[in-house]
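A closer look at the structure
Listed below are the residues making up each chain.
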Amino acid sequence: MEEKGLQFRNAFIEVGEICFYRLARPYIKDWMMKYLPLGQRQKKLWEILEDFAGKVIEDRRKYHASIGHNVFKQYFDRVENGMVQDDERVQKKNLSVLDILLLNE
């Protein structure tokens, strides 16, 4: 997984470089990209990013299924009802946006 993480990081950086390259060259239109080597490279990089993101989401989904959503839902219910003290919120680990989205599936 560490190698995949490094591959994701490098792909992310390279996609950013391609974006800046295209910003400086507004005459390169979207339809042109599939014919340029740069566009073909960008397509491969997007596949790497999408595969990695899909794997992370699937792993997180399995994690939630293994521990059950009840732990997170109980905490959210307590927060909504005002039963959680401010100092307890600070001590609790913050959930990522991905966790919150998966809870609402």
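See the structure shown above.
Below is a summary of the structure that appears in this document. (Residues numbered from 1 in each chain as written. Predicted model: local features only at pLDDT ≥ 70, side-chain atom pairs only at ≥ 80, totals over all residues. Heavy atoms only, no water.)

1. Details of the overall build of the protein
A tally of regular secondary structure across the protein gives six helices and zero strands. The N-to-C order of helical and strand elements in the protein reads α-α-α-α-α-α. Buried residues in the protein amount to 17% of all 105 residues. Counting only contacts in the protein whose residues sit at least 6 apart along the sequence, the fraction spanning at least 24 positions is 60%. (Helix = DSSP H or I, 4+ residues; strand = E, 2+ residues; numbered from the N terminus. Buried < 20%, exposed > 50% of the residue type's maximum accessible area, 1.4 Å probe, protein only. Contact = heavy atoms within 4.5 Å.)

2. Points about the packing of helix 1 (residues 2-23) against helix 3 (residues 37-67)
Between helix 1 and helix 3, the least distance of the axes is 9 Å, while the angle of their chain directions is 140°. When the axis of helix 1 is compared with that of helix 3, the two are oblique. As helix 1 runs across helix 3, the sense of the crossing is left-handed. Two secondary-structure elements touch here, helix 1 through Lys-4, Gly-5, Gln-7, Phe-8, Ala-11, Phe-12, Glu-14, Val-15, Ile-18, Tyr-21 and Arg-22 and helix 3 through Leu-38, Arg-41, Gln-42, Leu-45, Trp-46, Ile-48, Leu-49 and Phe-52. In the contact of helix 1 with helix 3, the residues fall into 12 nonpolar, three polar and four charged. (Axes fitted to C-alpha atoms, helices over the stretch in contact; angles between N-to-C directions. Parallel < 35°, antiparallel > 145°, perpendicular 65-115°, else oblique. Left-handed = near helix turned anticlockwise from the far one by under 90°. Nonpolar A, V, L, I, M, F, W, Y, C, P; charged D, E, K, R; others polar.)

3. Details of the packing of aromatic side chains
Applying the stated rule across the entire model yields two aromatic pairs. With a centroid separation of 6.2 Å and an interplanar angle of 25°, the aromatic rings of Phe-8 and Phe-12 are classed as stacked. With Phe-8 and Phe-12 both in helix 1 and four residues apart, the pair spans about one turn of that helix. When its relative accessible area of 25% is taken as the criterion, Phe-8 is described as partly exposed. The exposure class assigned to Phe-12 is exposed, which follows from its relative accessible area of 54%. The ring centre of Tyr-21 lies 3.7 Å from the NZ or CZ of Arg-25, which sits over that ring. (Phe/Tyr/Trp six-rings, centres within 6.5 Å; stacked < 30°, edge-to-face > 60°. Lys NZ or Arg CZ within 6 Å of the ring centre and 35° of its normal.)

4. Things to note about the pattern of salt bridges
Overall, the coordinates contain four salt bridges when judged by the stated rule. Across the pair Arg-41 and Glu-14 runs a salt bridge whose closest N-O atoms are separated by 2.9 Å. In this pair, Arg-41 is assigned in helix 3 and Glu-14 in helix 1, connecting sequence segments 27 residues apart. Given a relative accessible area of 35%, Arg-41 falls into the partly exposed group. Note that Lys-55 is salt-bridged to Asp-59, the shortest N-O span being 3.4 Å. Separated by four residues within a single helix, Lys-55 and Asp-59 lie in helix 3, roughly one turn from each other. Overall, the relative accessible area of 42% leaves Lys-55 in the partly exposed class. (Salt bridge = Lys/Arg side-chain N within 4 Å of Asp/Glu carboxyl O.)

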